[in-house]
Amino acid sequence: MKMSVINDLHPQTPLQNLELMATYFLHFDATGRTYETFTVPQGKKVYLVCAVQADEGKAAIQDLKSLKTYVIPNGQTILETNIQAGDTVSLAFLARTNSNISLVNVEVISPRSECLRVDLANEPASMAVNPSIVQPIIEELRAKAASILAAALGEKPLEPFMIGALGNFPYYWQSPRNLEFNVKTYNWISSALKATPTSTSQPLSSLAAYDVKHEQLDLLIAWKRLYHHFPDGDGEPIDLVVNAIASQWASPPTDLTQMKNAPYLQELLNTAPDNGELIVHLLARYLHALGSSATDSPALAMTNNTPRQLDQSFNSIYIDVFSKVSYSLSSNDQAKLTKAYQDAANQQFALLNAWKQAYGSFPDGTGQPIDNILGKIATEWSNPATDVAQMGEAMNLIELLNKTPASGRPIIPLLAEYLDATESVRSLEDASAMNNNYLSKALKAVQTPDANNGGLQTDDNVYRPDYQVAIQLADILDGLKATSNAISLKMSVSRYSESEFRVSIAGGASINIPVFALFTLSVDAETSYFSDHIATSSNTTDIELTYTGVTLVNYGPGAYDQSNPNQYWFWTKPITDAINNADHDVSGFKFSPKPQVDFTESGPFGYVTGVAISNYPSVKITVKSSDYESIEKTFEQTVKVGLSFLGVTLGIEGSESTYSHNLSVDSSSQTVTITLDPPQQLTPGGNLADSVGWVLGVQTEYPAA
C-alpha cells in the first residue's frame, strides 16, 4: 500500500496537521472509468479523499457487502464512510474531462482519539498529536506531580498520560441534579488502556517519533510525483533519494549525518529547487522519525515509558474474555465423577425430573444441568450462600436452605438423597457446580447489570457494571482548592522551521515538536497568533504553565465476592487461572475458546486505578521582540483569548474557553509578559457536572499480567 500526503483538505489546514493517506493508483478503461478493490484492515476506518489532481473528476467508493456507494459532494474534498473493517471495497474514479488523473486517495486510519476526524464541510477541531513527540513534556508533568503525591501514591507508581478523545478527567462524579453517578465520569474510568508497548531494550530516543515507514513512503511518493522516477543507482529507493538531496540540493554537498543534525534544514539545503519545498518538509519529518532531533533530550534518554492513553471500554474487553472461561475437571477427576454419577443415576434422575416439573427448564449456566441446579440452590436458596460440601454435611438441610421457595420444598428430600449417593466425590462436584455458577452470576452482572446484582445507576437512568470512587467529591474539591499544591512547567521555545518548534524543557536539552502539537493561542478571530507573531524565528519566547491543586483520585471496578455471589462483577482469578492452566489436563478454570487478547502490559487488558489531576493551568508567556509594541496593542484590543496545549483545547468538552489576560511591558528590554488565567467554569466546581481536572499522570492496573 503506497502512502501520500494530501494538502487540499481545507485551504486553512496546515500540511503538517494532516494524517497520512493510503493511495491507490488507478488503471483506466476506454470510457475513462477505473475500478480497484482493497480490504479494510482490522481496527481501521475509511475516509474518501479527493486527490490533488481530481479537480475535474468525481471520486466514488463502494462497499461491496452493502453495495452502498459514497461520492464526495461538489466543493468538498473529504468524506467519512461507514465501511467496516474486513469489508471489501471497490474504488471507482471517473475522469472523462481530465486524462491526467492517475490516483485517488482513501484514508484508512485507526478509529482512535489521535486520528484526524473531519466533518464533511468543517475543518478539524483538533489535530492528532503523537504521544512520543511530546513525551518529555508529559514526563516532566508526571515527575513533578509524583513528587507532590508521593505519600498518597504508595507503592503504585504514577505513569505519564496522554489526553485523548475523552478529554481530561470529569471529577464531579456525583451528579448535582440527583446525586447519581455522572455518566461522563463513568465513561472515563471504565475505559481500557490503549495497547501500546511501554518499554523496550533500546532507548526511546532511537525509536521513531513518527512511524518511520509511513514517513519514508510519504517522502518517496512526493519524489515520484515530482520527478516520475527515483534517482539512478544501486540500493533502496529511500537511500537513493536521500543521497540525491544531499549531493545535489546543498552547496557544498552534505550527507545524512549533517542533515540529521542541522538546526535549520532549509538553510543547509541551499540549492533546493523551488518546487522542492514539500520534499524538504517531508525529509525533515523522515529524519525526525529516525530520531534525529530527539537524541539530545535527557528526558527521552532516561525513560522508556510511552505515555498511557485511554481506548475502548474495558467492560467490553472483560466480557469478551470472561465469557470464554469455564470450570472443568481433569480427565482423571471427570472419570471419578462420572462413575459416581452412574452409581447415583436413579437419585440424579429423580432430582432432575422434580426440578423440570417444578420449573419447566433447568437453570442457565455453563455446566451440566445437575451442576447448574446445585449451584442455584446453594447461592439462592440459602442466606448466606452455601456450597455443595456444606449442604452434604448439614445436619438439617431444610434449616440450611432457609430461603427455599414453596415450589422448591418437594425437591429438598430428593436433593438429600442425591448428596448422600455422591458423598465420595462431593469436593469435585462442589468445585464444578459452584465455580460455574459463580461464573454465570459474575458474567450476568457485567452483561446485564441491574439493581439486584450490584449494577450502578448513572445520571442518565441506565444501570452499568459497578465502579467505585474511593474519595468523596467534597474531598476532591478541597484538594483542587489547595492552590499551594502546585507544579510549574517551564519551556523555552524557538523556531526550528515553519512547521516545528525547538523546545527546551526546564532549561534542559532541546527537542523538536510540530507547531500544532505544542501550544496554540487564538486572539479573537486570529487562530494562529502564537506561531505567527510570538514564537517566531526573530523572537525569544518562554512559557510557564502553573498547575494548582494537585490531587489524586482513586477508583476501581466493583469486585465480585463469592460470599455474596449476587453482587458485582469484577473477578480476575478465573482469568489468571485460565491463562496459567492453558491446555494442561488439570481441574480448574480454562478458556474455551482462547480469547485473542494480549494480557501483558503491552495489551489492552488494563485500566486506570488512580488519576493525578489539577486545575487547568495558568499560563505566562514572556516574549522578547522588536515588534513588542504590536503585540502589546493586539492584546489591549483583544476580547477573546483561547488556548490549546499538546493538542488539547483548554475548555470544557473540547470547546475553547476564553482565558482572562493581563499584560506587562518592559520597553527597555523590548519584552512583553502575557499572563493568562482560566475562566470561572474551569475552576473547582465552577461548571458542576462538566467540571474537569487536568490529568498529570495515572496509576494503572493490568490484572492478568
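Residues numbered from 1 in each chain as written. Predicted model: local features only at pLDDT ≥ 70, side-chain atom pairs only at ≥ 80, totals over all residues. Heavy atoms only, no water.

Asks: An account of the overall build of the protein chain is requested, with residue identities and associated values reported.
Replies: Across its full length, the protein chain carries 22 helices and 29 strands. The buried share among the 705 residues of the protein chain stands at 51%. The long-range fraction of contacts in the protein chain, counting pairs at least 24 apart against all pairs at least 6 apart in sequence, stands at 72%. Put simply, the protein chain shows about 31100 Å² of open surface, and 48% of that area lies on carbon and sulfur atoms. (Helix = DSSP H or I, 4+ residues; strand = E, 2+ residues; numbered from the N terminus. Buried < 20%, exposed > 50% of the residue type's maximum accessible area, 1.4 Å probe, protein only. Contact = heavy atoms within 4.5 Å. Areas by Shrake-Rupley, 256 points an atom, 1.4 Å probe, with all protein chains shown as cover.)

Asks: Which residues make up empty space enclosed by the protein, and what are the values?
Replies: The full count for this structure, using the stated rule, is six cavities of 30 Å³ or more. By volume, the second largest cavity amounts to about 70 Å³. Taken together, Ile138, Leu141, Phe161, Met162, Ile163, Phe645, Leu646, Val648, Trp694, Val695 and Leu696 form the lining of the second largest cavity. Of all the secondary-structure elements, those providing two or more residues to the lining of the second largest cavity are α1 (135–148) and β29 (694–701). Counting residues per element, the lining of the second largest cavity draws most heavily on β29, which supplies three residues. Classifying every residue of the lining of the second largest cavity by side-chain character gives eleven nonpolar, no polar and no charged. (1 Å grid on protein atoms, 1.4 Å probe; cavity = no way out; pocket = protein on both sides within 12 Å on 5 of 7 lines; lining within 4 Å. Points joined across faces, edges and corners; volume = space filled by probe spheres on them. Nonpolar A, V, L, I, M, F, W, Y, C, P; charged D, E, K, R; others polar.)

Asks: Break down the pairing of strand β23 (residues 607–614) for me, with residues and values.
Replies: Of all eight residues that make up β23, eight are buried, and the element is covered over most of its length. In this structure, strand β21 (residues 551–557) lies alongside β23, joined through four bridges in antiparallel fashion. Note on β23: the bridge partner recorded for Leu552 is Ala612. Strand direction decides the pairing type here: β23 and β29, joined by seven bridges, are antiparallel. Looking across to β29, one finds that Val611 is bridged to Val698. (Pairing = 2+ DSSP bridges.)

Asks: Which residues make up the pattern of salt bridges, and what values go with them?
Replies: Per the stated rule, a full pass over the model turns up eleven salt bridges. Note that Glu139 is salt-bridged to Arg142, the shortest N-O span being 2.9 Å. Remark: Arg142 and Glu139 occur in helix α1; sequence separation between them is three residues, near one turn of the helix. The pair formed by Glu139 and Arg142 is uniform in burial state, with each residue classed as buried. Glu140 serves as the salt-bridge partner of Lys144, at 3.8 Å between the closest nitrogen and oxygen. (Salt bridge = Lys/Arg side-chain N within 4 Å of Asp/Glu carboxyl O.)

Asks: Give a description of the packing of helix α10 (residues 314–322) against helix α17 (residues 426–447) that names residues and reports values.
Replies: Following both chains from N to C, one finds α10 and α17 inclined at 155°, their axes separated by 10 Å at the closest point. By the criterion of interaxial angle, the relationship of α10 to α17 is roughly antiparallel. When you trace α10 past α17, the crossing you get is left-handed. Residues Tyr318, Ile319 and Phe322 of α10 form the contact with α17, whose participating residues are Leu439, Ala442, Leu443, Val446 and Gln447. (Axes fitted to C-alpha atoms, helices over the stretch in contact; angles between N-to-C directions. Parallel < 35°, antiparallel > 145°, perpendicular 65-115°, else oblique. Left-handed = near helix turned anticlockwise from the far one by under 90°.)

Asks: An account of the sheet that holds strand β25 (residues 641–645) is requested, with residue identities and associated values reported.
Replies: Remark on secondary structure: sheet strands pair via backbone hydrogen bonds, oriented parallel or antiparallel. Spatially, β19-β25-β26 is the arrangement adopted by the three strands of the open sheet, whose pairing is antiparallel. If you trace the sheet from one side to the other, it starts and ends with β19 (519–523) and β26 (648–649), each paired once. With five bridges joining them, β19 and β25 adopt antiparallel strand pairing. Within β25, the residue paired with Val523 across the bridge is Val641.

Asks: If you had to explain the confidence of the model for the protein chain to someone new, which residues and values would you point to?
Replies: Reading fine detail from the predicted coordinates is not recommended where pLDDT is low. Across the protein chain, the average pLDDT comes to 78, with 75% of residues at or above 70. The element-level mean pLDDT for the protein chain is lowest in strand β1 (residues 2–4), coming to 26, with β21 highest at 97. Segment residues 197–211 is flagged for pLDDT under 50; beyond a separation of four residues in sequence, or across chains, it makes 39 contacts in the model. (pLDDT = per-residue confidence, 0-100.)

Asks: Just give me the short version of α17, but keep the residues and values in it.
Replies: Between its first and last C-alpha atoms α17 spans 31 Å; for 22 residues at 1.5 Å apiece the expected length is 32 Å, and the two agree. The element α17 is largely enclosed, with a buried count of 18 among its 22 residues. (Expected span 1.5 Å × (residues − 1).)

Asks: How would you sum up unusual backbone geometry? Please name residues and give values.
Replies: Trans peptide bonds make up the majority, and among non-glycine residues the majority have a negative phi. Cis peptide bonds are those with omega within 30 degrees of zero, and the linkage from Asn383 to Pro384 qualifies with 5°. Secondary-structure assignment places Pro384 in the loop between α13 (369–380) and α14 (388–393). A cis amide bond, omega -5°, links Ser592 with the succeeding residue Pro593. With respect to the helices, strands and loops of the structure, Pro593 is situated in the loop between β22 (588–591) and β23. At Asn461, a residue that is not glycine, the phi angle is positive and equals roughly 65°. Note on placement: Asn461 falls in the loop between β13 (456–457) and β14 (463–464). Classification of Asn461 by relative accessible area gives exposed; the value is 55%. Positive phi values are uncommon outside glycine, yet Leu646 reaches one of about 55°. Locating Leu646 in the fold gives a position in the loop between β25 and β26. Residue classification places Leu646 among the buried positions, given a relative accessible area of 6%.

Asks: Give a detailed account of a negative patch on the surface, specifying residues and quantitative values.
Replies: Negative charge collects at one region of the surface, where Glu393, Glu417, Asp420 and Glu423 lie side by side. Structurally, Glu417 is set in helix α16 (residues 411–421). Here Glu417 falls in the partly exposed class, since its relative accessible area comes to 45%. (Patch = residues over 30% accessible without salt bridge, like charges linked within 9 Å, V, L, I, M, F, W, Y side chains within 5 Å. Lys, Arg positive; Asp, Glu negative; His and termini not counted. Charge placed at Lys NZ, Arg CZ, Asp CG, Glu CD.)

Asks: Before we move on, could you go through the sheet that holds strand β16 (residues 487–495) and cite the residues and values that matter?
Replies: If you walk across this open sheet you meet the seven strands as β18-β17-β16-β20-β24-β28-β27, and the pairing is antiparallel. With partners counted over all chains shown, the strands left at the sheet margins are β18 (510–514) and β27 (660–666), one partner each. Across the sheet, the mean angle separating the axes of adjacent strands is 25° when strand polarity is ignored. As paired strands, strand β24 (residues 618–624) and strand β28 (residues 671–677) are joined by six bridges and run antiparallel to one another. Following the sheet pairing, Val619 is matched in β28 by Leu676. Strand contacts of α1: β16, β17 (500–505), β18 and β20 (540–547), with the helix running at about 165° to β16, the strand carrying the most contacts. Across the sheet, helix α22 (residues 628–636) touches β24, β27 and β28, and the angle it forms with β27 is around 150°.

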